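Chains, contacts and geometry: an overview
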Amino acid sequence: MMPDVIQDNAYRYFATTVALVTTDGKWGQNVMAAEWAMQVSYEPMLLAIFVHDSPTLWNIKEAGAFGVNIAADDQAELVNIAGGYSGTEIAKLAIPGTFQTYAGKSVPLIKGCALACECRVVSVQEMGDHVMVVGEAVSATFDEKKSPLIYTRGNYRKIGSKLASGRKTVRLSPKAFAEFKRMSGGQFVLKAAAAVVRDDGKKKKKKTLFVRIGNSWMLPAAVPERGTDYKKALSVHLASMGVQAEIGEILGIERVMLKSAGKQALRANFVVFSCTARAKEGEEKEEEEGWFLRPPRNLLLKSLLLFQQT
Ligand SMILES: Cc1cc2nc3c(=O)[nH]c(=O)nc-3n(C[C@H](O)[C@H](O)[C@H](O)COP(=O)(O)O)c2cc1C
C-alpha cells in the first residue's frame, strides 16, 4: 500500500487541461468536468477519459458516445459548474447564461472551447476506482485563438510563457552550415553521435582525431538512423573512415542552434562518446582526417571538446 502522505499529495504535481465531457442518454443531456482526459492515439484518433460512477458514465454506457470539449482559459466558471454538480441534482446544460451548445450527431458540444470532439465508444474498462472510457473521434473542431485552461493544485491557470530552448547559438560559415544541413537529411533536429577518439598508444600525450569540413575541423560524427544504437552507428562510421575504434562511455550531450547567414538555423544535438583507436603516424593535414595533439585552429563546435576534461 502506498503511504497516505503520497496518496494525498501526488495529485498536486500534475498539471492538466480540463475536458467538459458531454453526454446524452436516458439521464438527459449532461456535462461533467474531467481533468483525466487525453488523446491516446493519433491514427485512429482515440481519446481516453477516466470517470467515476455517475450519470455521465451511465449515459456513455447506454448511448455509446460522448463529447470531449477542452475548456478554454476563459471557461473556468463552466468547469466549476460541470464539476460541482451532478446531473442527478440539476440539469447543468439548461442553466441560463452558462453553457452554449451546438448539436453534434450524438451529443451536445460546447461553444467557445479550444477543441471539441465527438467520440464513439470503443472500450470501457474499470481502472481502480474510476472507469476508463476510450472513444474514437468521429468529428472535431478547434479554435486557434483559444488557449486551454490549466488545472493544477485545485486552481485554474493560464498557460505561462514559453521557456527558452537552452541551446547555445553556434555561428557557421555557409559552407559548414550546408554540410550540417546535409547531415540532418531534412530532419527538424540533426541528431548526431560525435566521437572524441583518443590514441590508445602508450605515449603520454594522446592525439585526438578530427575530420575536415571545408576549411575547418570537427570531431567525427555520424547520424544514426532513428531507433538504432548510437554506439554501433559511430563504430560503423569510424570504420568507414578506416579507423577501428572502441566506443566507450557517453561523455555528455550538447544541444546547439546552428546559425548561418540570413535566417538559416538548424537545431542540432550531439551525443559525445569517448573512443579509443590507434592513431596513424605522421601529420596528415592534407587529408580529410587528422590526428592532433592539440585541437586544430578553425575548429567547429569547440564546446564538444569540453567533455574531454571530465
Ligand atoms: C477540475 C475538475 C476536474 C475533475 N476531473 C474529474 C475526472 O477526471 N474524473 C472524474 O470522474 N471526475 C472528475 N471531476 C468531478 C466530476 O466532474 C463531478 O463529480 C461531476 O459532478 C460529475 O458529473 P455527473 O455526476 O453529472 O456525471 C472533476 C471535477 C473538477 C472540478
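This is a predicted model, so every value here is computed, not measured. (Residues numbered from 1 in each chain as written. Predicted model: local features only at pLDDT ≥ 70, side-chain atom pairs only at ≥ 80, totals over all residues. Heavy atoms only, no water.)

**Comments concerning the overall build of the protein chain**
- Scanning the protein chain from terminus to terminus reveals 5 helices and 19 strands.
- For a compact globule of 310 residues, the expected C-alpha radius of gyration is about 19 Å, and the protein chain comes in at 29 Å, more than 25% above that figure.
- Along the first, second and third principal axes, the C-alpha set of the protein chain runs to 85 × 50 × 35 Å.
- For the protein chain, with 310 residues in total, the buried portion stands at 42%.
- Of all intrachain contacts in the protein chain linking residues separated by at least 6 positions in sequence, the fraction that spans at least 24 positions is 67%.
- Put simply, the protein chain shows about 18200 Å² of open surface, and 52% of that area lies on carbon and sulfur atoms.
- When the 41 positive and 32 negative side-chain charges of the protein chain are each reduced to one mean point, those points stand 11 Å apart. (Helix = DSSP H or I, 4+ residues; strand = E, 2+ residues; numbered from the N terminus. Rg over C-alpha atoms; globule rule 2.2 N^0.38 Å. Buried < 20%, exposed > 50% of the residue type's maximum accessible area, 1.4 Å probe, protein only. Contact = heavy atoms within 4.5 Å. Areas by Shrake-Rupley, 256 points an atom, 1.4 Å probe, with all protein chains shown as cover. Lys, Arg positive; Asp, Glu negative; His and termini not counted. Charge placed at Lys NZ, Arg CZ, Asp CG, Glu CD.)

**Looking at a nonpolar patch on the surface**
- Judged by side-chain polarity, Met 2, Val 5 and Ile 6 come together as a nonpolar surface patch covering roughly 280 Å² of accessible area.
- For Met 2, the position within the fold is in the segment before helix H1 (4–9). (Patch = residues over 30% accessible without salt bridge, like charges linked within 9 Å, V, L, I, M, F, W, Y side chains within 5 Å. Salt bridge = Lys/Arg side-chain N within 4 Å of Asp/Glu carboxyl O.)

**Quick notes on the UniProt feature "domain: Flavin reductase like" (unreviewed entry) in the protein chain**
- Annotation from UniProt places "domain: Flavin reductase like" (unreviewed entry) at residues 11–158.
- Counting secondary structure, residues 11–158 comes out at 12% helix and 44% strand; the distance between its end C-alpha atoms is 19 Å. (UniProt positions renumbered as here; feature names shortened; annotations may be inferred.)

**Notes on the domain arrangement of the protein chain**
- Here the protein chain is described as being made up of domain 1 (9–157) and domain 2 (168–309).
- The straight-line distance from the C-alpha centre of domain 1 to that of domain 2 is 50 Å. (Domains from an automatic or database assignment.)

**Structural notes on the pattern of salt bridges**
- What the rule picks out here adds up to 6 salt bridges.
- Lys 146 is the salt-bridge partner of Asp 74, the closest N and O atoms lying 3.2 Å from each other. Taken as a pair, Asp 74 in the loop between strand E5 (65–70) and helix H3 (76–84) and Lys 146 in the loop between strand E9 (130–142) and strand E10 (150–152) lie far apart in primary sequence, 72 residues in all.
- Residue classification places Lys 146 among the partly exposed residues on the basis of a relative accessible area of 26%.
- One salt bridge connects Asp 200 with Arg 278, and the closest N-O pair in it is separated by 2.9 Å. Residue Asp 200 is located in the loop between strand E13 (189–199) and strand E14 (208–213), and its partner Arg 278 is located in the loop between strand E18 (265–277) and strand E19 (289–292); the two are separated by 78 residues in the primary sequence.
- The class of Asp 200 is partly exposed, set by a relative accessible area of 36%.

**Focus: the site of the ligand**
- In the vicinity of the ligand, 22 residues are found, and the nearest of them are Ala 33, His 52, Thr 56, Ser 86 and Gly 87.
- Taking Ser 54, its side chain carries an N or O atom lying 3.1 Å from an oxygen atom of the ligand.
- At 2.7 Å from an oxygen atom of the ligand is found a main-chain nitrogen or oxygen belonging to Gly 87.
- For the ligand, the protein covers 86% of the area, taking 640 Å² as the surface of the free molecule.
- Examining the composition of the shell around the ligand, we find that 4 residues originate from one element, strand E2 (residues 30–34), more than from any other.
- Of the residues assigned to the shell around the ligand, the class counts are 12 nonpolar, 8 polar and 2 charged. (Near = heavy atom within 4 Å. Polar contact = N/O pair within 3.5 Å; in protein donor to acceptor, adjacent residues only side chain to side chain. Nonpolar A, V, L, I, M, F, W, Y, C, P; charged D, E, K, R; others polar.)

**A closer look at the pairing of E5**
- Extensive coverage of E5 is indicated by the burial of 6 of its 6 residues.
- Here E5 shows two buried faces, one formed by Ala 65, Gly 67 and Asn 69 and the other by Phe 66, Val 68 and Ile 70.
- Relative to E5, strand E1 (residues 19–23) runs antiparallel, the two sharing 4 bridges. Within E5, the position partnered with Ala 19 by the bridge is Ile 70.
- For E5 and strand E8 (residues 115–127), the ladder comprises 6 bridges, and the chain directions are antiparallel. Paired with Phe 66 across the two strands is Cys 119, which belongs to E8. (Pairing = 2+ DSSP bridges.)

**A few points about the side chain of Glu 254**
- In this fold, Glu 254 is placed in strand E17 (residues 246–259).
- A distance of 2.7 Å separates a polar atom in the side chain of Glu 254 from a polar atom in the side chain of Lys 168.

**Describing the environment of Met 241**
- As for its placement among the helices and strands, Met 241 is situated in the loop between helix H5 (230–240) and E17.
- Taking the C-alpha atoms as reference points, Met 241 and Thr 22, separated by 219 residues in sequence, lie 62 Å from one another.
- Setting aside residues no more than four positions away along its own chain, Met 241 makes contact with Leu 209, Val 211, Pro 220 and Glu 289.

**Here's the deal with the side chain of Asn 69**
- Structurally, Asn 69 can be placed in strand E5.
- With relative accessibility at 0%, the residue Asn 69 sits in the buried group.
- Beyond its immediate chain neighbours, meaning those up to four positions away, Asn 69 contacts Val 18, Ala 19, Leu 20, Thr 22, Leu 109, Ile 110, Cys 113, Leu 115 and Ala 116.

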